[in-house]
Amino acid sequence: MSKEIYRFLLFWFVVAVVDINPVHSQYFGRNKVNYRRIDFKVLETPNFEIYYYLQNGTVRDRIALQCEQWYQMHQTVLKDTFKRPNPVIFYNNHADFQQTRAIEGNIEVGTGGVTEALKRRVIMPFMESNAQTDHVLGHELVHAFQYHLILDSLTMDAIANLPLWMVEGMAEYMSIGYQDAHTAIWLRSAVAGNRMPTLKDLTNHPDLYFPYRWGEAFWAFVAGTWGEQMIKRLFMRTARDGYENAIKEILGIDAQKFSEKWQEALRRAYTPYQRTTSTYALGKKLVVKHDAGELNIVPSISPDGSRVAFWTERNLFRLDLYVADAETGDNLERVTSHSFTSHVDEYSSFESSVAWSPDSRQLAFVAFAKGSNRLIIARADKGRIMRQIDIPGVPAISNPTWSPDGKSIVVTGLVDGQSDLYLYQLESGKVIQLTNDRYSDLQPSYAPNGKWIVFATDRLSVDYKPQQHSYNHNIALYNFESKSVTNLDFFPGANNLNPVFGPDNQEIYFLSDRDGFRNLYSYNIYGKRLYRLTNYFTGITGVTMFAPAISASRQQNKVAYTYYNNNAFLIYTAPIKSFNPVAVDTNAVNMQAAILPPFARTGLNLVQRNLTESPVDRYSIESFNQVSYKPRFQLDYIGNTGVGVTTGLGFGIGLVGGINGMFSDILGNNQLFGAISLNGELYDIAGQFAYLNQKNRINWGVSVSHTPYLSGAQYLFLDTLESRGDDPQQVLNSSMDLLRTFEDQISVFASRPFSQSRRVEAGLSYARYYYRMDRYTDYYDPTGQIYIDSKRERQTTPKGYGFSQGYIAWVSDNSSFGVASPLSGHRFRFEAGKYLGVVNLQNLLADYRKYFRFAPVTLATRNLYVARFGRDAESGLLPPLYVGYSSLVRGYEALQFADNGDIHDDVTINDLIGSSMYVANAELRYPLTGPERLSSIKSRFFLSELNMFTDAGIAWGKSNIVGGFKNIGFSRNNAQLIMSSGISLRINLFGYIVLEPFYAIPWQNGGFSNGDIGLNFIPGW
């Protein structure tokens, strides 16, 4: 082999590595966007470091006291203390919370807060109600205690022994208690359908048994039967040995007997109520479970009573807003679409109402866009967006209600941790704040005459006890003429929510849990008469207690509501006259049916007592200390790949092992990664260090690395060994050349996201390559039986070289992933790049993928174009583009080179290489096994999809594209279009790897007679 060819091969190897691993970090994927810079301050309390940027000092002080109160409350049960102050990071609203860098990954609308294990940080937003903020704080601080308990005495691996329902249920129980009308709905529904789970069911079927609700019920049963002193013991033993062993050891009963005992307690508690309530929903069911799924929520009936808008999981991957005929449920029209909307990150679909315009032609609803809440106004029939409104000075809004004259919209606005009512004038854009106080003002609704706003509030509850952890809500009226608020004082201690006016401007319809159930009530504001209109065994509810679940027509005596039963949320419409009104006393409150079994409880019940009678504050606000935030790196994670020693093979002794670590500041804005590994001799040490800055809109970073690549060749031949004073001796020479190619690289990269789905990214890197070759030689007698001698020599190698590469790309990805590949939406990447140095060329890439969903199948398409231009595009310094990889065109793996460019009848590798290539793919994807609504065969563990595909591709360029290798007979033939068709099965192995065995018919390489069986190891494109 000539020295020139040798050098080319070395360079080809190195550049192939670089070309496969470019400087950008991800090809596709969603973005986490910093829409604005947030400057945090720190409030130090005895047990917490509170990170905040509130301007409202009253709210800051209140939340700090609540942190310390929750600490005291949880400590009385868990008997644990924090060894150092625990960090709690507060965001002013959910839109800001979605931008946090303290945790990776996108945060969904329904996520109330997160506690992570590495730094035990609690990260959460202020919510629209005082009750929600307080509950989420209490819930997340339980997780902080859980991490402290486990990591102070066990290892991180112990967390894997804890089922989700036990972890989340414990946080729910200790922040809500055993009286919870919302969770009781789930339990009564299971009793009614005789679908009460075992502990094994909770573990294996979280899709059927919501871990939060059923986990809370589990702990309520344990605490009520064996006492709250068992909570810590059972939790810790489960972390060590698993829940089955823990229950047997701590409670003295096996898991199956426990399940039977628990199920019997549920029957005994709730079955008697079935005799006095109904499971038959009144009115017309608009959607059925098998057609629209289990989640159909937030109904809003039009003013003329003809149509109903609601959020539904009908399209499977996300909730979208639909409109249906109010009588039949027919003529479904989709108003929103995530697949085609790049300016909207998410829709506020769980806890925000949808408002109709007075003419019943338009809808107003809330979206997350550009780091705040945006009011969207869209056509009800076409779904076309008419207006997008950012309400000045009010970054977080919910529950819009449209004025009867069509001139204004009133919303609940959350500003600086305080929720009030705001009016937005549609023509002038003027904003008027209607309320301004410490109370939570929620779910506003206009009266048909426009003189009143009815809303839910915690005014009476807060006035009774300003600092508390068991809020309740009353109905209130805002009068536009007097600009005053009137509290309606009935059902004290209950949660009275979701008020709406009837068409007569006198009747208010609302939901109340005053008897432990959740039913529809009416209140006449002049006659002050209260009536219960429904008497359901389960209840009228959304996903949460604060989710709008009823709506009334302004022109017709008709309502729409969400009824929960048999693990599904379904929409009903009904005329008011179809209900059976029963007069109720204003003080008739009995929460017995809201108690989670057992009704007769054991022990002190510290959790419930602390919630209803909050402990006295141990600390005063004056003892807290405010300081500036100064970022400093702290260890997040450190790990190793083990340590070992290698011997033998004639290469001496070597070491193997490695260590890697990650550091960041408490907010996650600055991250530092480092890794060092050794795989042999000191020459084989590799290391990489990277810094990532995520504080601003543009994320940027820098990395440096040193990487050795080891390759080799072995020789066996007869040789002559010269020895001093003796004649030359014929020997058998067994030599091995070990070539180390060293890469020293520095890279800088940046990304500027425009939304969660679109971004511009760029990168620049410089790499230097150099070599070391060592030859290990053993000498034997000519028969190879007798060892004579050995030696090690360093060989001459080519000089090193360096080159740079850079790129800029425009990327979009709003696709929704199925079990093994995307099933809806689109992806595209348009990229331009440049090589400088030894190699000088430009490259272009255009990759567009579209996924057309026709349930239950998806038609997936891909168009990929890659091209090189410039001096070295076809010089042979870079390996040519090859269209025959199975990730591009399946069925052409078993090809050969054509010798010296000879033309063959069959396709050769030479036909499929070039400096440019184009690939087109089409797949019909059918989820075979997996989640019930997605796949034809339900399976929790075996996730697979069946695909029928057609692939096509062509590569082109000059005939001698690899000129540097012409001396070894490697040149290309004429460009040839290749196609294949076939079938494949993608299998998702527990989220770690996707396998794709396939059978392809290569139409240009023998067709049916040469069918190819292959295997890919990547998710579907």
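Quick caveat, the model's predicted, so the values are computed rather than measured.

Per the secondary structure count, the protein chain includes 14 helices and 54 strands. In terms of overall size, the protein chain behaves like a compact globule, its C-alpha atoms giving a radius of gyration of 34 Å where 1021 residues would be expected to give roughly 31 Å. Taking all 1021 residues of the protein chain together, the buried fraction comes to 59%. Considering only intrachain contacts with a sequence separation of at least 6, the fraction spanning at least 24 residues in the protein chain is 62%. In the form shown here, the protein chain has an accessible surface area of approximately 42000 Å², with 53% of it arising from carbon and sulfur atoms.

Each α-helix turn comprises 3.6 residues. Residues three or four places apart therefore point the same way. The end-to-end C-alpha distance of helix α11 (residues 255-274) is 28 Å, a good match for the 28 Å that 20 residues give at a rise of 1.5 Å each. Taken as a whole, α11 carries its principal kink of about 30 degrees at Arg 268; the proline Pro 272 stands between one and four residues after it. Within α11, burial applies to Ala 255, Phe 258, Ser 259, Trp 262, Gln 263, Ala 265, Leu 266, Ala 269, Tyr 270 and Tyr 273. Where α11 is buried, its residues contact α6 (181-192), α7 (199-204), α8 (211-226) and α10 (243-251).

The subject of this paragraph is the sheet that holds strand β24 (residues 496-501). What the 5 strands build is an open sheet, ordered β24-β25-β26-β27-β32; its pairing is antiparallel. In this open sheet, the two strands that pair with only one neighbour each are β24 and β32 (582-583). Here strand β27 (residues 530-532) runs beside β32; their pairing, made up of 2 bridges, is antiparallel. The residue bridging Arg 532 from the neighbouring strand is Val 582, located in β32.

So, about the environment of Leu 477. Relative to the helices and strands, Leu 477 is located in strand β22 (residues 474-479). Relative accessible area serves as the criterion here: at 4%, Leu 477 is assigned to the buried category. Considering only alpha carbons, one finds Leu 477 and Leu 488, 11 residues apart in sequence, at a separation of 7.7 Å. Ignoring anything within four residues of it in the chain, the contact list for Leu 477 reads Trp 452, Ile 453, Val 454, Phe 455, Ser 484, Val 485, Thr 486, Leu 488, Phe 501, Ile 508 and Ile 525.

What follows deals with the sheet that holds strand β17 (residues 408-415). If you walk across this open sheet you meet the 4 strands as β16-β17-β18-β19, and the pairing is antiparallel. Two strands close off the open sheet at either side, each with one partner strand: β16 (396-402) and β19 (431-433). On average, adjacent strands in this sheet sit at an angle of 30 degrees to one another, irrespective of strand direction.

The next thing to look at is the nonpolar core. Of all hydrophobic cores here, the largest spans 111 residues; its most connected members are Phe 218 and Phe 258. The biggest single contributor to this core is helix α2 (residues 57-78), with 10 residues. Leave out the neighbours within four places in its chain, and Phe 218 touches Trp 165, Met 166, Leu 199, Leu 234, Ile 247, Phe 258 and Trp 262. Counting 21 residues, the second-largest nonpolar core is a separate cluster that includes Ala 281, Leu 570, Tyr 572 and Phe 579.

Time to look at the pattern of salt bridges. Within the structure shown, the criterion is met by 43 salt bridges. Note that Arg 775 and Asp 737 form a salt bridge whose closest N and O atoms lie 2.6 Å from each other. In this pair, Arg 775 is assigned in strand β40 (residues 758-780) and Asp 737 in strand β39 (residues 729-753), connecting sequence segments 38 residues apart. Look at Arg 775 and you get partly exposed, because its relative accessible area is 26%. By relative accessible area, Asp 737 is classed as buried at 4%. Among the charged side chains, a salt-bridge network with shared partners connects Arg 890, Glu 923, Arg 925, Glu 945, Asp 951, Arg 986 and Glu 996.

Right, let's get into the pairing of strand β18 (residues 418-425). With 7 of its 8 residues buried, β18 lies for the most part within the structure. Of the pairings in the sheet, the one linking β17 to β18 comprises 8 bridges and is antiparallel in character. Pairing of Val 410 across the sheet is with Leu 423, part of β18. Relative to β19, β18 runs antiparallel, the two being bridged by 3 bridges. From the neighbouring strand, Tyr 422 faces β19, where its bridge partner is Gln 433. Connecting the antiparallel pair β18 and β19 is a turn made up of 5 residues, with Gly 429 showing a positive phi of about 80 degrees.

Here we come to the environment of Ile 176. Inspection of the secondary structure puts Ile 176 in helix α5 (residues 164-176). Each C-alpha atom of the pair Ile 176 and Val 607 lies 8.3 Å from the other, and the pair is 431 residues apart in sequence. The contact partners of Ile 176, leaving out residues within four places of it in the chain, are His 135, Arg 213, Glu 216, Gln 608 and Leu 611.

This paragraph deals with unusual backbone geometry. Of note, the amide linkage connecting Pro 597 to Pro 598 takes the cis form, showing an omega dihedral of 10 degrees. As for its placement among the helices and strands, Pro 598 is situated in the loop between β32 and α14 (606-612). With a phi close to 60 degrees, Ser 360 is a non-glycine residue in the positive phi region. Positionally, Ser 360 belongs in the loop between β12 (355-356) and β13 (362-369). You can call Ser 360 buried: its relative accessible area is 3%. Of note in this structure, Asn 566 is not a glycine but carries a positive phi near 55 degrees. Along the chain, Asn 566 falls in the loop between β30 (558-565) and β31 (568-575).

It is worth spelling out the packing of α8 against helix α9 (residues 230-241) at this point. Between α8 and α9, whose axes approach to 10 Å, the crossing angle comes to 125 degrees. Judged by the inter-axis angle, α8 sits oblique to α9. Side by side, α8 and α9 meet where Phe 218, Trp 219, Val 222, Ala 223 and Trp 226 of the first sit next to Met 230, Ile 231, Leu 234 and Phe 235 of the second. Partitioned by chemical class, the residues of the contact of α8 with α9 number 9 nonpolar, no polar and no charged.

As a further point, take the confidence of the model for the protein chain. Here the protein chain averages 90 in pLDDT, while 92% of its residues score no lower than 70. In the predicted structure, residues 1-24 sits below a pLDDT of 50 and forms 56 contacts with residues beyond four places in sequence or in another chain. Per-residue pLDDT stays below 50 along residues 645-653; that stretch engages in 16 contacts with residues further than four places along the chain or on separate chains.

Time to look at the pairing of strand β41 (residues 787-795). Bridge analysis of β40 against β41 gives 8 bridges, and the strand direction is antiparallel. Residue Met 773 lies in a different strand from β41, and its bridge partner there is Gln 795. Where β40 hands over to β41, the hairpin turn is made up of 6 residues, of which Gly 784 adopts a positive phi near 80 degrees.

Okay, the packing of aromatic side chains next. Taken as a whole, this structure holds 60 aromatic pairs when the rule is applied. Taking 6.4 Å as the distance between ring centres and 55 degrees as the angle between the ring planes, the aromatic pair formed by Tyr 561 and Phe 579 counts as tilted. Highlighted residues: Tyr 561 in strand β30 and Phe 579 in the loop between β31 and β32, separated in sequence by 18 residues. Each of the two residues, Tyr 561 as well as Phe 579, counts as buried. Ring centres of Tyr 865 and Trp 956 lie 6.4 Å apart, and the angle between their planes is 25 degrees; this geometry places the pair in the stacked category. With Tyr 865 in strand β46 (residues 857-869) and Trp 956 in strand β51 (residues 943-956), this residue pair connects regions lying 91 residues apart in the sequence. Judged by relative accessible area, Trp 956 falls into the partly exposed class, the value being 33%. In this structure an aromatic cluster arises from ring pairing among Trp 165, Tyr 209, Trp 214, Phe 218, Trp 219, Phe 221, Trp 226, Tyr 243, Phe 258 and Trp 262.

What follows deals with the environment of Val 543. Here Val 543 shows up in the loop between β28 (539-540) and β29 (550-552). Placed 361 residues apart in sequence, Val 543 and His 182 show a C-alpha to C-alpha distance of 9.2 Å. Sequence-distant contacts of Val 543, defined by excluding residues within four places in its chain, comprise His 182, Trp 186, Leu 295, Ile 297, Phe 350 and Phe 569.

Before going further, it helps to spend a moment on the side chain of Glu 761. Note on placement: Glu 761 falls in strand β40. Assessed through its relative accessible area of 4%, Glu 761 is described here as buried.

How each quantity is defined
Residues numbered from 1 in each chain as written. Predicted model: local features only at pLDDT ≥ 70, side-chain atom pairs only at ≥ 80, totals over all residues. Heavy atoms only, no water. Helix = DSSP H or I, 4+ residues; strand = E, 2+ residues; numbered from the N terminus. Rg over C-alpha atoms; globule rule 2.2 N^0.38 Å. Buried < 20%, exposed > 50% of the residue type's maximum accessible area, 1.4 Å probe, protein only. Contact = heavy atoms within 4.5 Å. Areas by Shrake-Rupley, 256 points an atom, 1.4 Å probe, with all protein chains shown as cover. Expected span 1.5 Å × (residues − 1). Bend = angle between axes of the 7 residues up to and from the residue. Pairing = 2+ DSSP bridges. Axes fitted to C-alpha atoms, helices over the stretch in contact; angles between N-to-C directions. Core = buried A, V, L, I, M, F, W, Y, C linked by side-chain atoms within 4.5 Å. Salt bridge = Lys/Arg side-chain N within 4 Å of Asp/Glu carboxyl O. Parallel < 35°, antiparallel > 145°, perpendicular 65-115°, else oblique. Nonpolar A, V, L, I, M, F, W, Y, C, P; charged D, E, K, R; others polar. pLDDT = per-residue confidence, 0-100. Phe/Tyr/Trp six-rings, centres within 6.5 Å; stacked < 30°, edge-to-face > 60°.

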